[in-house]
Amino acid sequence: MSALIITTTYGVEQDELKRPLEGLREAGIPVTLAAPGGETIQSLVGDKDPGETFTPDAALEDVQAGDHAVLVVPGGTINADTLRTHEAAVSLVQSFAADGRTVAAICHGPWLLIEAGVMEGREATSYHSIKTDMINAGAKWEDSEIAIDNGIITSRSPKDLDAFIAKIIEEVKEGEHHRDAA
């Protein structure tokens, strides 16, 4: 089963998009990268300096939750703040969570999970500046490199990318194993 990475067209933190995209593909997991309108993605480094550009595989509005095993939400302050205003992005998170599919968000990415209303009662982490937002949304916030609760994987920042990517790969592989055994 494949992974879906969603982002806006401007402001995603370069490493939080590039490293999971490459890591999942290197692990043999097909990845669809989606952005609004299928338009080119301009990443940023440190929320301010222009980074690499990425060409999405699909328009965010056209992707379906049922076609993917995992949804990955990179951070970047501008990206996450803008992404949570896109109805298609909010609906995807809600669909993944309702179906018990994995949702993984890093840094400011959990803002989208808050908007989708899926954080209540879950152990989670995020970039420290949105800790209060997470707590106000009902999350049991912790300062750890990764938190996992009932299909939701959250991580703090780019320094935690190795653990974040490894956990996503593990979840996809476990899901494939369970489907093969059924």
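All values reported here derive from a predicted model rather than from experimental measurement. (Residues numbered from 1 in each chain as written. Predicted model: local features only at pLDDT ≥ 70, side-chain atom pairs only at ≥ 80, totals over all residues. Heavy atoms only, no water.)

Enquirer: Teacher, can you tell me more about the environment of Glu145 here?
Expert: By secondary structure assignment, the location of Glu145 is in the loop between strand 10 (140-141) and strand 11 (146-149). Note on Glu145: relative accessible area 40%, which makes it partly exposed. Distance in space between the C-alpha atoms of Glu145 and Leu161 is 8.6 Å, their sequence separation being 16 residues. Every residue in contact with Glu145, bar those within four places of it in the chain, is listed here: Thr154, Ser155, Arg156, Asp160 and Ala163. (Helix = DSSP H or I, 4+ residues; strand = E, 2+ residues; numbered from the N terminus. Buried < 20%, exposed > 50% of the residue type's maximum accessible area, 1.4 Å probe, protein only. Contact = heavy atoms within 4.5 Å.)

Enquirer: Honestly, the nonpolar core in this entry has me stumped. Any pointers?
Expert: Soluble globular proteins tend to bury their nonpolar side chains together. With 33 residues, the main nonpolar core has Ile6, Leu71, Leu92, Leu112, Leu113 and Met119 as its most contacted residues. Looking at this core, the elements that each hand over two or more residues are strand 1 (2-6), strand 7 (68-73), helix 2 (77-83), helix 3 (87-98), strand 8 (102-106) and helix 4 (110-115). Per-element tally for this core: the top contributor is helix 3, with six residues. The residues touching Met119, leaving out its near neighbours within four places in the chain, are Leu113, Ile114, Ala124, Met134, Ala137, Gly138, Ala139 and Ile152. (Core = buried A, V, L, I, M, F, W, Y, C linked by side-chain atoms within 4.5 Å.)

Enquirer: How do you make sense of the sheet that holds strand 1 when you look at a structure like this?
Expert: Across a sheet, strands are paired by hydrogen bonds formed along the backbone, either parallel or antiparallel in direction. Strands sit in the order 6-3-1-7-8-12-11 across an open sheet of seven strands; the sheet is mixed. Unpaired on one side and paired on the other, strand 6 (58-59) and strand 11 mark the two borders of the sheet. In this structure, strand 1 lies alongside strand 3 (residues 31-35), joined through four bridges in parallel fashion. Following the sheet pairing, Ile6 is matched in strand 3 by Ala34. This element, helix 3, spans strand 1, strand 7 and strand 8 of the sheet and lies at about 135° to strand 7. (Pairing = 2+ DSSP bridges. Axes fitted to C-alpha atoms, helices over the stretch in contact; angles between N-to-C directions.)

Enquirer: Help me out: how do you make sense of the sheet that holds strand 4 (residues 41-45) in this one?
Expert: Spatial strand order, 2-4-5: three strands in an open sheet with mixed pairing. Two strands close off the open sheet at either side, each with one partner strand: strand 2 (10-13) and strand 5 (49-54). Adjacent strand axes in the sheet meet at a mean angle of 45°, parallel and antiparallel pairs treated alike. Note that strand 2 and strand 4 share three bridges and pair parallel. From the neighbouring strand, Val12 faces strand 4, where its bridge partner is Ser43.

Enquirer: Even after reading the chapter, I still don't get the packing of aromatic side chains, so can you show me in this structure?
Expert: The description of an aromatic ring pair rests on the distance of the ring centres and on the angle between the ring planes. Taken as a whole, this structure holds zero aromatic pairs when the rule is applied. Against the face of Trp111 rests Arg84, its NZ or CZ located 4.3 Å from the ring centre. (Phe/Tyr/Trp six-rings, centres within 6.5 Å; stacked < 30°, edge-to-face > 60°. Lys NZ or Arg CZ within 6 Å of the ring centre and 35° of its normal.)

Enquirer: Hey, could you run me through the side chain of Thr8 in this one?
Expert: Note that Thr8 resides in the loop between strand 1 and strand 2. For Thr8, a relative accessible area of 3% gives the class buried. In terms of polar contacts, Thr8 uses its side chain to reach the backbone carbonyl oxygen of Tyr10, at 3.1 Å. (Polar contact = N/O pair within 3.5 Å; in protein donor to acceptor, adjacent residues only side chain to side chain.)

Enquirer: Looking at this structure, how should I read the pairing of strand 12 (residues 152-155)?
Expert: Both faces of the sheet carry side chains from a regular strand, because those side chains alternate between them. Across the two faces of strand 12 the burial is the same, with Ile152 and Thr154 and Ile153 and Ser155 all buried. Of the pairings in the sheet, the one linking strand 8 to strand 12 comprises four bridges and is parallel in character. Across the sheet, the residue bridging to Ala104 is Ile153, located in strand 12. Note: strand 11 against strand 12, four bridges, orientation antiparallel.

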